[in-house]
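Chain and residue survey
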Number of protein chains: 2
Amino acid sequence: MNVSGHKGRQSILFDNNPIVTGWASVAGKMEGEGPLGRYYDVISDSPEYGGKNWEEAESRMQMTAVRKAVEKTDISMKDIEYIVAGDLLGQLIASSFGIKSFNIPVFGVYGACSTMGESLSIASILISGGFAENVVAVTSSHYATAEKQFRFPVSYGNQRPQSATTTVTGSGAVVLSVDKPGRINRKPHVCVKGITTGMIMDYGITDANNMGAAMAPAACNVIENNLNDFGINACEYDRIITGDLGSVGSRALLDMLHLKGINISDKHMDCGSIIYDNKKQDVHSGGSGCGCSAITLCGYIMNQMLSGEWRKVLFIPTGALLSPVSSHEGNTIPGIAHGIVLERV
Amino acid sequence: MNVSGHKGRQSILFDNNPIVTGWASVAGKMEGEGPLGRYYDVISDSPEYGGKNWEEAESRMQMTAVRKAVEKTDISMKDIEYIVAGDLLGQLIASSFGIKSFNIPVFGVYGACSTMGESLSIASILISGGFAENVVAVTSSHYATAEKQFRFPVSYGNQRPQSATTTVTGSGAVVLSVDKPGRINRKPHVCVKGITTGMIMDYGITDANNMGAAMAPAACNVIENNLNDFGINACEYDRIITGDLGSVGSRALLDMLHLKGINISDKHMDCGSIIYDNKKQDVHSGGSGCGCSAITLCGYIMNQMLSGEWRKVLFIPTGALLSPVSSHEGNTIPGIAHGIVLERV
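It should be emphasised that the depicted structure is a prediction, and the values quoted were computed from it without experimental measurement. (Residues numbered from 1 in each chain as written. Chains lettered and ligands numbered in written order. Predicted model: local features only at pLDDT ≥ 70, side-chain atom pairs only at ≥ 80, totals over all residues. Heavy atoms only, no water.)

What follows is about the pattern of salt bridges. Under the definition given, this model contains 30 salt bridges over all chains. Between A:Glu224 and A:Lys260 there is a salt bridge whose closest N-O contact spans 3.3 Å. Of the two residues, A:Glu224 sits in helix 6 (residues 211-230) while A:Lys260 sits in the loop between helix 7 (246-259) and strand 11 (268-270), which places them 36 residues apart along the sequence. Owing to a relative accessible area of 22%, A:Glu224 belongs among the partly exposed residues under this scheme. The salt bridge involving B:Glu56 is made with B:Arg60; its shortest N-O contact spans 3.9 Å. Taken together, the positions of B:Glu56 and B:Arg60, both in helix 2 (residues 54-71) and four residues apart, correspond to about one turn of that helix. By relative accessible area, which is 24% here, B:Glu56 ends up partly exposed. Put simply, A:Glu236, A:Arg311, A:Lys312 and A:Glu343 are held in one network by salt bridges that share partners. (Salt bridge = Lys/Arg side-chain N within 4 Å of Asp/Glu carboxyl O. Helix = DSSP H or I, 4+ residues; strand = E, 2+ residues; numbered from the N terminus. Buried < 20%, exposed > 50% of the residue type's maximum accessible area, 1.4 Å probe, protein only.)

What follows is about the pairing of strand 13 (residues 312-316) of chain B. All names here are of chain B. With five of five residues buried, strand 13 lies mostly within the body of the structure. As paired elements, strand 10 (residues 239-242) and strand 13 share four bridges and run parallel to each other. If you follow isoleucine 240 over to strand 13, its bridge partner there is leucine 314. Pairing of strand 13 with strand 16 (residues 339-344), which is carried by four bridges, proceeds in the antiparallel orientation. (Pairing = 2+ DSSP bridges.)

On to the pairing of strand 4 (residues 82-87) of chain B. All names here are of chain B. Extensive coverage of strand 4 is indicated by the burial of six of its six residues. Residues of strand 4 alternate between two faces, with Tyr82, Val84 and Gly86 on one and Ile83, Ala85 and Asp87 on the opposite face, all of them buried. Sheet topology places strand 4 next to strand 5 (residues 106-108); three bridges connect them, and they run parallel. Among the inter-strand pairings, isoleucine 83 is bridged to a residue of strand 5, identified as valine 106. Handedness of the β-α-β unit built from strand 4, helix 3 (residues 93-99) and strand 5 comes out right-handed. (Right-handed = clockwise from strand over helix to strand, strands pointing away.)

Another aspect to go through is the environment of B:Ile104. All names here are of chain B. Along the polypeptide, isoleucine 104 turns up in the loop between helix 3 and strand 5. By relative accessible area, isoleucine 104 is classed as buried at 3%. In this structure, the C-alpha to C-alpha distance between isoleucine 104 and isoleucine 83, residues 21 residues apart in sequence, is 6.7 Å.

Here we take up the interface of chain B and chain A. Residue-level contacts link 64 residues of chain B with 64 residues of chain A. Carbon and sulfur atoms make up 62% of the surface buried where chain B meets chain A, a total of about 5,000 Å² over both sides. Per-residue buried area on chain B facing chain A is highest for B:Gln91, B:Phe131 and B:Ile200; these three make up 16% of the total on that side. At the junction of chain B and chain A, the tally comes to four salt bridges. For the interface between chain B and chain A, the tally reads 18 residue pairs in polar contact (both at pLDDT 80 or more). Where the side of chain B that touches chain A is concerned, the elements lending two or more residues are helix 3, strand 5, helix 4 (115-128), helix 5 (143-150) and helix 10 (324-328) of chain B. For the side of chain B that touches chain A, the element with the highest residue contribution is helix 4 of chain B, accounting for six residues. Looking at the side of chain B that touches chain A, its residues break down into 32 nonpolar, 22 polar and ten charged. (Contact = heavy atoms within 4.5 Å. Buried area = accessible area lost by both parts, 1.4 Å probe. Polar contact = N/O pair within 3.5 Å; in protein donor to acceptor, adjacent residues only side chain to side chain. Nonpolar A, V, L, I, M, F, W, Y, C, P; charged D, E, K, R; others polar.)

To continue, consider the relation of the copies chain B and chain A. Superposing chain B onto chain A requires a rotation of 180° together with a translation of 0.0 Å along the rotation axis, leaving an RMSD of 0.0 Å. This pairing of chains is accounted for by a two-fold axis. Mapped onto chain A, 100% of the interface residues of chain B again fall at the interface, so both copies present the same surface. (Least-squares fit on C-alpha atoms with pLDDT ≥ 70 in both.)

Turning our eyes to something else, we now look at the nonpolar core. Judged by nonpolar contacts, the single largest core of 99 residues is most densely connected at A:Leu126, A:Phe315, B:Leu126 and B:Phe315. Ignoring anything within four residues of it in the chain, the contact list for A:Phe315 reads A:Met116, A:Leu120, A:Ile241, A:Cys271, A:Ser293, A:Leu297, A:Ile301, A:His338, A:Gly339, A:Ile340 and A:Leu342. Core analysis: the next-biggest nonpolar cluster, separate from the first, contains 56 residues, A:Ile75, A:Ile336, B:Val66 and B:Ala173 among them. (Core = buried A, V, L, I, M, F, W, Y, C linked by side-chain atoms within 4.5 Å.)

Applying the stated rule across the entire model yields eight aromatic pairs over all chains. Their ring planes at 90° and their centres at 5.6 Å tell us that B:Tyr300 and B:Trp310 sit as a pair that is edge-to-face. Remark: B:Trp310 occurs in the loop between helix 9 (290-306) and strand 13 and B:Tyr300 occurs in helix 9; sequence separation between them is ten residues. These aromatic residues form a ring-pair network of at least three members: A:Tyr39, A:Tyr300 and A:Trp310. (Phe/Tyr/Trp six-rings, centres within 6.5 Å; stacked < 30°, edge-to-face > 60°.)

The set of residues buried in helix 5 (residues 143-150) of chain A consists of A:Ala144, A:Thr145, A:Ala146 and A:Glu147. Against helix 2 (54-71) and strand 7 (166-167) of chain A lie the buried residues of helix 5 of chain A.

The next point concerns the packing of helix 4 (residues 115-128) of chain A against helix 9 (residues 290-306) of chain A. Think of two packed helices as two axes; the pair is described by the angle between the axes and how far apart they sit. Residue and element names in this part refer to chain A. Here helix 4 crosses helix 9 at 60°, and the two axes come no closer than 8 Å. It follows that helix 4 is oblique to helix 9 by the angle criterion. Between helix 4 and helix 9, the residues in contact are Thr115, Met116 and Leu120 and Cys290, Ser293, Ala294 and Leu297, respectively. Residues of the contact of helix 4 with helix 9, tallied by class, amount to five nonpolar, two polar and no charged. (Axes fitted to C-alpha atoms, helices over the stretch in contact; angles between N-to-C directions. Parallel < 35°, antiparallel > 145°, perpendicular 65-115°, else oblique.)

Once that is clear, we can look at the confidence of the model for chain A. Reading fine detail from the predicted coordinates is not recommended where pLDDT is low. Taken over all residues, the pLDDT of chain A has a mean of 94, while the share at 70 or more is 97%. Here the predicted complex scores 0.97 on pTM and 0.96 on ipTM. (pLDDT = per-residue confidence, 0-100.)

Below, the structure written as structure tokens:
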């Protein structure tokens, strides 16, 4: 293959690395009470977050996350050329209603819980390709909107098996910008070195209460091809961070990689497994949802990278491509994952 | 603004024009019986299109459209580096299940019925930016899956007002490729000169049976900014083609543009208004859905451009950003549109 900036079947190594100039996380109350609570910019004290209903709450979280992320940059909202946004809800209503007032060109994206990876990928392509100087990538999820959408009315209080995860309430937004002299006053900063775009992987899982297992093959594919495409070993990374495999899916991922001769057990971390205190908060297999990886990135991960703990991270939000209709029709749950190579420079 | 290949607030003029190397349309039976029937590659003889249910039918239509589009090129499926795909259904299940077997990296996109414009935009950016040589943009809709998703069970046979449109059954796929010597054996061909990316426009429409009115402001915004960004007059285009405004939305669009001093009445065409024989086929305000603009592009429009009837076309799929949840909660229906400048060279 002989394309500028492109390397390998699924990956792009950028010539011009987009840099993270702003980031912000808005978290729900329960997420704020979790072990990563001190890293969030805003913690909501109610599920409505000042809105009339849960969907409006989720939209308002996206709006706040975008505003806060842009506030951290040296530019203003009018300098943002595109917003790449998505969420879990049918027809992406959390995003549409959350960002419509900004009057900025929009690309709506859907990769289930991998959406933060997809929005960061497209934002990076826009910047590295020279099509924009500043792009926002944003996503969200909300426990109550997701339960209502995918499972049962929350008021039923239905029981779920231990393999089920808990949808994270929150929104994360990142401002990616073109790197130019004088742009970053504050050193060090984090940039996007490359991306590994996921294929849809379907291993025939049909249990909507075990989405970790449905997504593990997609994460495995992205990790394997990221290492192959860039010709590197897993030891290149300080952390390989999946989105929301939870405890069940994480075990499946490590087993699948082991069969391919890849060992990441000493550097794997899963946002869904660390976002709650699994013993005290009764979240079963962990956290999930677009917001899970998004607020972990825009809180804990950015903190660890900027503080010097980690230099290079492979960030892989993971998604389960199901809908209530596809599940009711007996379909499988295909998975997808999108890898982002983040580096502190 | 000083970004390579970028021109104006909402538009990109590409330095390297992606070229259309393959295209295909799969249409439903009723669409096949319409005035554009002879331009479709495949016409399904049943709503199931060989599947077990309507959702599977829609997925199979996407799969066929992608296969047929790639068959028309001088490359094979393994040369396709990305698929940019979307549809109207919650969590994009028509796309996920339609394209999962191709084992190609995927970007899922959602812009309601404007999705063909968004997928072509992102595919063009990937190619013009040097990130890929061959990308497929595909979308679909299906009358029965959309009615079930957004309105009432089809078997109710409920009455709709004359301002309502009929969701088109069909899928259109385009292969965009990098232009290099010897690539196109067949002259003339069609290329993407530029794009104008839509903002979300909300004029407060709440009537889900009048989506034309909800989308007209978004189409108006794209047309106005396309002309401003490129510094051209509407007479530059042989046709300005909206996606699915229908008769009601088209009138609103022409009126809104008239107030801005822009007259496109002699060159405006709306896919939704020409896809059916509105007198004989009882479709009320016309056709709609992602498939409406997609199969019109991949049938009639490509034919008119390649045969020399039209040289330059502004193609603007239009979308209404509503969901059953947002409508039931009394929300407005924001609109979005994505403009693609197509030129025969």
